[in-house]
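Chain residues, written in single-letter form:
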Amino acid sequence: MKKLLFRRFLLLMIPFVTIPNGNDNSGWVFAYAQSDTMNYTSGDPYSTIRIPLYRDMREFVYFAFDPSTGDIYLLNWRSKQLTRYTEQGDSEVIALTGDEIPSTLVIDIRRNRASDEPELYLWDSGIGRVFTVDTKTGIVTRVDKSFDHRNMYYHASYVSEQNEIHAMGGYGFWRYKNFLITYYPESNEWLEESQTNNEIVYEGIYGSLFRTETAFFYYVKDAYSAEQGMFRMDLQSRRWERYTLFDELLDRKSGSGFEGFPKLRQTSTYQIDQEKGAMLFYFRESRLPKIIKMNSKENSLYEVDLLLFNVDKVFALFYSKRLDKWVMIYESSANSKQDNLYVTTLSVDSEESYVKPLVPDTSSSWTALHYSLLSFGILLFITVGGFYWVR
């Protein structure tokens with residue numbers, strides 16, 4: 001009878017013992033741990049928004065974000081139509097009017113320095129002509145002194161606080177690009193940035209470009225070898241170098257069903273939390289959607305598991321300083337019809353249960369090791385004590 005009770009007791013103790021897990025970079029998880037669930041209410045920002053999903057949506061739409069109000073703008077190239085969505089779930093359709101409206105454009109938000117009102121920036125997808133859009137009237141006005149370059153299609157772009165448009169990479173005139181060019185609103189012209197060592201930067205399309213207080217960061221997939229990499233250019237030395245922290249991540253992901261970082265339908269302007277130095281990258285691994293958070297100030301990487309949010313595909317990620325959260329536009333795996341896009345907010349702070357450290361992980365591994373040794377000691381004590389008890 002004692003032996004039977006002891007065996008049942010051991011079985012009950014198994015779920016509380018830590019075991020190794022190769023997928024968790026901390027090295028350990030709790031066996032049979034219950035997963036968290038996310039509960040949304042109609043009072044949450046953006047929770048009532050439903051954006052009609054069209055078959056060709058990835059080709060003909062672009063999203064922009066106004067951090068001062070939280071408004072989301074959706075531009076449909078094909079219909080020449082602009083739609084504004086608010087945090088409260090309201091929407092407004094704005095028809096674009098003007099003498100010159102190009103068919104393929106990139107869109108972002110800038111602040112009108114005279115009125116301090118938001119204006120939409122539009123520019124050619126191949127670089128060149130630049131337009132502003134009055135978000136109240138839909139009037140499109142050309143502001144550049146340039147022309148349609150047709151030289152950097154599918155480039156990465158970022159708009160600075162000074163309303164400068166930075167663009168890098170792309171394709172044009174039968175060649176992939178790897179140089180950085182900037183549109184300056186003071187002169188209304190594009191100029192190639194002074195830079196050295198850019199021959200090490202991959203030539204490619206659909207990259208992500210960020211600017212911080214000290215450097216440019218540029219992620220891209222090489223058009224010729226399909227290799228991926230992150231590059232950093234210091235603003236003082238103007239010299240490009242490999243960002244090795246990201247290389248370590250790519251090495252770890254190789255062979256795990258990692259599909260790279262698909263291009264989001266936005267610029268990279270608000271794909272970064274400038275104060276914390278956090279940049280987000282959407283990717284798929286074994287067909288599961290996830291997010292990588294790279295912190296350039298802490299030199300660290302985290303993985304955000306989107307399983308709890310019922311995400312199938314991500315279309316845009318914006319940081320809202322007002323909410324201190326990220327705004328995610330996504331296609332839901334819970335919607336069998338897949339006829340709408342949804343909008344939600346999420347935190348990617350390291351304290352969240354769905355955010356796990358990747359590089360470096362020495363502190364988390366050391367903590368996990370303590371818990372593991374403690375669990376093993378408790379189990380050993382129970383086993384030995386139980387052995388003498390049943391005797």
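Residues numbered from 1 in each chain as written. Predicted model: local features only at pLDDT ≥ 70, side-chain atom pairs only at ≥ 80, totals over all residues. Heavy atoms only, no water.

Okay, the overall build of the chain next. A tally of helices and strands in the chain yields four helices and 29 strands. Taking all 391 residues of the chain together, the buried fraction comes to 51%. Put simply, 49% of the contacts in the chain that link residues at least 6 apart link residues at least 24 apart. (Helix = DSSP H or I, 4+ residues; strand = E, 2+ residues; numbered from the N terminus. Buried < 20%, exposed > 50% of the residue type's maximum accessible area, 1.4 Å probe, protein only. Contact = heavy atoms within 4.5 Å.)

Attention now moves to the environment of L301. With respect to the secondary-structure elements, L301 resides in strand β25 (residues 300–305). Residue classification places L301 among the buried residues on the basis of a relative accessible area of 0%. When the C-alpha atoms of L301 and L358 are compared, they prove to be 5.3 Å apart, with 57 residues separating the residues in sequence.

Take the nonpolar core next. Ranked by size, the top nonpolar core spans 34 residues in total, and within it F246, F261, F281 and M294 carry the most contacts. At the level of secondary structure, the elements contributing two or more residues to this core comprise β12 (156–159), β18 (208–211), β19 (215–221), β20 (228–234), α3 (244–253), β23 (278–285) and β24 (288–295). At six residues, β19 tops the list of elements feeding residues into this core. (Core = buried A, V, L, I, M, F, W, Y, C linked by side-chain atoms within 4.5 Å.)

Turning our attention to the pattern of salt bridges. In the structure shown here, the tally under the stated rule is 21 salt bridges. The shortest N-O distance in the salt bridge between D247 and R242 comes to 2.7 Å. The buried category is assigned to D247, whose relative accessible area is 16%. Overlapping salt bridges bring together E100, D124, R129, R142, D144, D148 and R150 as one network. (Salt bridge = Lys/Arg side-chain N within 4 Å of Asp/Glu carboxyl O.)

Our focus in this paragraph is the confidence of the model for the chain. Chain-level statistics for the chain give a pLDDT mean of 81 and a share of 79% at 70 or above. Per-residue pLDDT stays below 50 along residues 8–40; that stretch engages in 52 contacts with residues further than four places along the chain or on separate chains. Per-residue pLDDT stays below 50 along residues 361–371; that stretch engages in ten contacts with residues further than four places along the chain or on separate chains. (pLDDT = per-residue confidence, 0-100.)

One pass over the structure, following the stated rule, counts 19 aromatic pairs. These aromatic residues form a ring-pair network of at least three members: Y121, W123, Y183 and W190. Its guanidinium or amino end placed over the ring of Y302, K293 lies 4.5 Å from that ring's centre, counting from NZ or CZ. (Phe/Tyr/Trp six-rings, centres within 6.5 Å; stacked < 30°, edge-to-face > 60°. Lys NZ or Arg CZ within 6 Å of the ring centre and 35° of its normal.)

All right, on to the pairing of strand β28 (residues 340–346) then. With respect to burial, β28 is a largely interior element, seven of its seven residues being buried. Two elements, strand β3 (residues 50–52) and β28, share three bridges in a ladder whose sense is antiparallel. Of the residues in β28, the one forming a bridge with R50 is Y342. In terms of strand pairing, strand β27 (residues 325–332) meets β28 through six bridges, oriented antiparallel. The residue bridging M328 from the neighbouring strand is T344, located in β28. (Pairing = 2+ DSSP bridges.)

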